[in-house]
Amino acid sequence: MENRSNIINLLYGSLPKMSDTDHKIAEVVLADPASIVNMTISALARKASVSEASVSRFCKNLDLDGFHQLKIELAKVAEDRYSYYQKVNPDDLLQALKNISDNKVAEIVNTLTSASTATIRQVLNALKGASLIQVAASGGTFPVAADAVYKFNQLGLLAVTDELWETSIGQTMNLPTGAVLLVISNSGETRNLLTQIEVAKSRGILVIAITNRADSPIGLNADLHILTAIRQQIFESEYYFSRVAAMAAIEALFLLLLSGDKDNLQHIKTHEELIAQTKI
């Protein structure tokens, strides 16, 4: 990857698979990343109620050389307000709305600025050259798939999706030569979507994934992988996949495809003229 995801993105993306001990350390780091830069390893261990050895293992599990490198990576983003998660307190509605706004801006900024330009070029070329684009998603992520299909068809790129998995896997089984399967997943572990990837790859179909975990099964099994960033928390220690971040990735692909081909713009104009008849 040309642009390595920053340490905050890495921590958020790694939370779902962390051990309880690593999770405790991550929570302390994410609560105030800048403060860790001036901490000793023993101070962090005390604050997280773990051993110094646990902090060292935590760093190794993140593929860092040690605590010193963790501090270096945190220092790189210490002044970036879009690196942080702002807690939402419903008792202060005005501040809560501002914090939600900051979190969503951070998700978009980190999703788009951490992307590998080489990967994005490959994705754009694959989409432009596809005989058919199938977009697959499940549960709460399906609206992103529906939005992607609308946008691709507006550009003149034939795209399909279906919320019912039994229909969606049937589509995958019938994808023509030169088609592309775009999979959008929350955890990157959805069994049905992994089955679709297996079917697609057995037929020689290129697979593109959008997830928020670099090491997720879906991400690892895809030919091309776009990572999203999350900054939203529910309850005290649970994080969830943001549709805003995934929508931002789709929107970016749409705008890049649009800017690179005048025929795409004309196709959108023609489409808008046709649907204008349905409006008052």
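The following refers to the structure shown. Bear in mind that the values here come from a model prediction, so they are computed numbers and not experimental data.

## Overview of the packing of helix α9 (residues 142-154) against helix α13 (residues 243-259)
Then step 1. The geometry of α9 relative to α13 is characterised by a closest axis approach of 10 Å and an angle of 10° between their N-to-C directions. As the angle between them shows, α9 and α13 are arranged roughly parallel. Contacts between α9 and α13 involve P143, V144, D147, A148, K151, F152 and Q154 from the first element and R243, A246, M247, I250, E251, F254 and L257 from the second.
Then step 2. Grouping the constituent residues of the contact of α9 with α13 by class yields nine nonpolar, one polar and four charged.

## Focus on helix α7 (residues 93-113)
Then step 1. For α7, with 21 residues, the first-to-last C-alpha span of 30 Å sits near the 30 Å given by 1.5 Å per residue.
Then step 2. Taken together, the buried residues of α7 touch α1 (7-14), β5 (224-227) and α13.

## Some details on unusual backbone geometry
Then step 1. Backbone geometry at S49 places phi at a positive 60°, although glycine is not the residue there.
Then step 2. Residues other than glycine seldom take positive phi values, yet D63 does so here, at roughly 65°.
Then step 3. Residue position: D63 is located in the loop between α5 (52-61) and α6 (67-77).
Then step 4. Overall, the relative accessible area of 68% leaves D63 in the exposed class.

## Observations concerning the sheet that holds strand β4 (residues 206-211)
Then step 1. Taken in spatial order, the five strands line up as β2-β1-β3-β4-β5 in an open sheet, and their pairing is parallel. Two strands in the sheet have a free side with no partner beyond their single neighbour: β2 (159-160) and β5.
Then step 2. Of the pairings in the sheet, the one linking strand β1 (residues 133-136) to β2 comprises two bridges and is parallel in character. Paired with I133 across the strands is A159, a residue of β2.
Then step 3. The sheet contacts of helix α11 (residues 191-202) involve β1, β3 (180-184) and β4, and relative to β3 the element is tilted by about 165°.

Cut-offs and rules
- Residues numbered from 1 in each chain as written.
- Predicted model: local features only at pLDDT ≥ 70, side-chain atom pairs only at ≥ 80, totals over all residues.
- Heavy atoms only, no water.
- Axes fitted to C-alpha atoms, helices over the stretch in contact; angles between N-to-C directions.
- Helix = DSSP H or I, 4+ residues; strand = E, 2+ residues; numbered from the N terminus.
- Parallel < 35°, antiparallel > 145°, perpendicular 65-115°, else oblique.
- Contact = heavy atoms within 4.5 Å.
- Nonpolar A, V, L, I, M, F, W, Y, C, P; charged D, E, K, R; others polar.
- Expected span 1.5 Å × (residues − 1).
- Buried < 20%, exposed > 50% of the residue type's maximum accessible area, 1.4 Å probe, protein only.
- Pairing = 2+ DSSP bridges.

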